[in-house]
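Working through the structure, step by step
Take a look at the letters that make up each chain.
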Amino acid sequence: MTMQTTLTDSVEEAAALLNAGGVVAFPTETVYGLGAAICHPAALLQLFRAKGRPADNPLIVHIYRIEQVAEVASAVSVQAATLIEHFFPGPLTLVLKKNRSVPYSVTAGLETVGVRCPANPIAREFLRLACCPVAAPSANRSGLPSATSWEAVMEDLDGKIDCLLRGTPSAIGLESTIVDCSGGRAVLLRAGAITLEQLRAVVPEITTIAVTEREERPKCPGLKYPHYAPRAAILLSAAVEKIDIKESSAAYIGISEQPKGVALFKVCSSLEEYGRELFGFFRLCDARNISVIYCELPSDEGLGRAIRDRLMRAAGLA
Ligand code: AMP
Ligand code: MG
């Protein structure tokens, strides 16, 4: 089914379409989100359909001010309160016990809910005008790289959603850090721009999912699905000087200088730039019919952990 997608710069127009039960994409500092009001069940259904998202992959609920955590969560642990105090608003999602206002279609049947308060001013204004909290996964077709510009959202979802609120390219370009605070001990479920080191500076006992898996606790539901993958094959290397290009249509992205023989490359001056450019570069490579993308694998520290995680998933190794 195709529909008319309204492309707008007006936050008021976008919020009005959302409040009328529409599905609306909007900019955030992580990646573009695809929003539906949690009080509109039909919109939530349409959102899953537009993305081609499996129903057992939960959505993150977005709020515009910290006090709204109480509108969606039934309990906030001391650890969660500390993380909220330090990192909300910002690129951090907390998994908390849900309350009755959050439908199971949002949480994929779970008793917990992912909650985030974005810092992007357009996102906050949009969420302020929304009639209730807004469930929003990344605004891309399921399995493809997340959309970090409004053009990328149009590429994937034009004719499938009611509206796209246009903004600038995403400042971070990687999905939010996710920490599960619903159980006894806080667990990092997904790495992001708020790094493990930053989290541990305020809550030292946070563990990682590798430890959790060993203890056989349930893992982050959506993480079983393939993510972030362009059509081109992804090859990872921690030693760029050793890369030997055989293909005529190869590309490269990383921080070190590009290997000889690549048709397209992006040399980033920092991990921040690498994170911001990664998904856009994947999409550019697909548009240029690149067959192989060589990616420099950063070390597992700071923002490197999040970039590494997305690269491993794109390469089908995680
Ligand atoms: P996306 O917004 O596309 O990055 O996807 C949101 C991701 O957040 C899901 O794939 C899950 O991995 C995670 N998530 C959302 N809600 C929960 C929850 N209640 N428990 C665990 N993980 C969650
Ligand atoms: Mg996603």
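Everything below is about the structure shown above.
Since this is a predicted model, take the numbers as computed values, not measurements. (Residues numbered from 1 in each chain as written. Chains lettered and ligands numbered in written order. Predicted model: local features only at pLDDT ≥ 70, side-chain atom pairs only at ≥ 80, totals over all residues. Heavy atoms only, no water.)

The next thing to look at is the overall build of the protein. What the protein contains, in helices and strands, is 11 helices and 16 strands. A globule of 318 residues ought to have a C-alpha radius of gyration of about 20 Å, and the protein, at 19 Å, matches this closely. C-alpha extents for the protein along the principal axes are approximately 55 × 50 × 30 Å. Burial status across the protein gives 53% buried among its 318 residues. For the protein, the share of sequence-separated contacts (at least 6 apart) that also reach a separation of at least 24 residues comes to 67%. Taken as a whole, the protein presents about 13400 Å² of accessible surface, with 53% of it coming from carbon and sulfur. In the protein, 32 positive and 34 negative side-chain charges are present, and the distance between their average locations comes to 4 Å. (Helix = DSSP H or I, 4+ residues; strand = E, 2+ residues; numbered from the N terminus. Rg over C-alpha atoms; globule rule 2.2 N^0.38 Å. Buried < 20%, exposed > 50% of the residue type's maximum accessible area, 1.4 Å probe, protein only. Contact = heavy atoms within 4.5 Å. Areas by Shrake-Rupley, 256 points an atom, 1.4 Å probe, with all protein chains shown as cover. Lys, Arg positive; Asp, Glu negative; His and termini not counted. Charge placed at Lys NZ, Arg CZ, Asp CG, Glu CD.)

What follows covers the state of the cysteines. For the coordinates displayed, the defined rule picks out one disulfide. One disulfide bridge connects Cys 39 with Cys 132, the sulfur atoms lying 2.4 Å from each other. With the S-S bond torsion at -85°, the cross-link from Cys 39 to Cys 132 turns out left-handed. Residue Cys 39 is found in the loop between strand E3 (33-37) and helix H2 (41-51), and its partner Cys 132 is found in the loop between helix H6 (121-129) and strand E8 (134-135); the two are separated by 93 residues along the sequence. For Cys 132, a relative accessible area of 14% gives the class buried. In this structure Cys 117 is a free cysteine whose sulfur lies 15 Å from that of Cys 132, the closest cysteine sulfur available. Exposure remark for Cys 117: the relative accessible area of 0% places this residue in the buried category. Here Cys 131 stays unpaired: no disulfide links it, and the sulfur of Cys 39, its closest cysteine neighbor, is 3.7 Å away. (Disulfide = S-S within 2.5 Å.)

On to helix H11 (residues 304-314), then. Within H11, eight of the 11 residues are buried, leaving the element largely enclosed by the surrounding structure. Looking only at H11, the buried set comprises Gly 304, Ala 306, Ile 307, Asp 309, Arg 310, Leu 311, Arg 313 and Ala 314. On the buried face of H11, the contacting elements are strand E11 (187-190), strand E13 (233-237), helix H10 (271-287) and strand E16 (292-296). Taken from the residues just after H11, Gly 316 is the one with a positive phi, measuring 75°.

Turning our attention to the packing of H10 against H11. Between two packed helices, what matters for the description is the angle formed by their axes and the separation of those axes. One can describe the packing of H10 onto H11 by two numbers: an axis separation of 9 Å at closest approach and a directional angle of 20°. The pairing of H10 with H11 is recorded here as roughly parallel in orientation. Crossing of H10 against H11: the hand is left-handed. Contacts between H10 and H11 involve Leu 271, Tyr 274, Gly 275, Leu 278, Phe 279 and Phe 282 on the former and, on the latter, Gly 304, Ile 307, Arg 310, Leu 311 and Ala 314. (Axes fitted to C-alpha atoms, helices over the stretch in contact; angles between N-to-C directions. Parallel < 35°, antiparallel > 145°, perpendicular 65-115°, else oblique. Left-handed = near helix turned anticlockwise from the far one by under 90°.)

Another aspect to go through is the nonpolar core. If you look at the biggest cluster of nonpolar residues, it comprises 63 residues, and the most contacted ones within it are Leu 83, Leu 94, Phe 126 and Val 179. Here this core takes five residues from H2, the largest share from any one element. In contact with Leu 83, not counting residues within four places along its chain, are Phe 88, Leu 92, Leu 94, Val 179, Cys 181, Leu 199, Val 202, Val 203 and Ile 206. By size, the runner-up hydrophobic cluster in this structure holds 24 residues, among which are Ile 234, Phe 279, Phe 281 and Ile 293. (Core = buried A, V, L, I, M, F, W, Y, C linked by side-chain atoms within 4.5 Å.)

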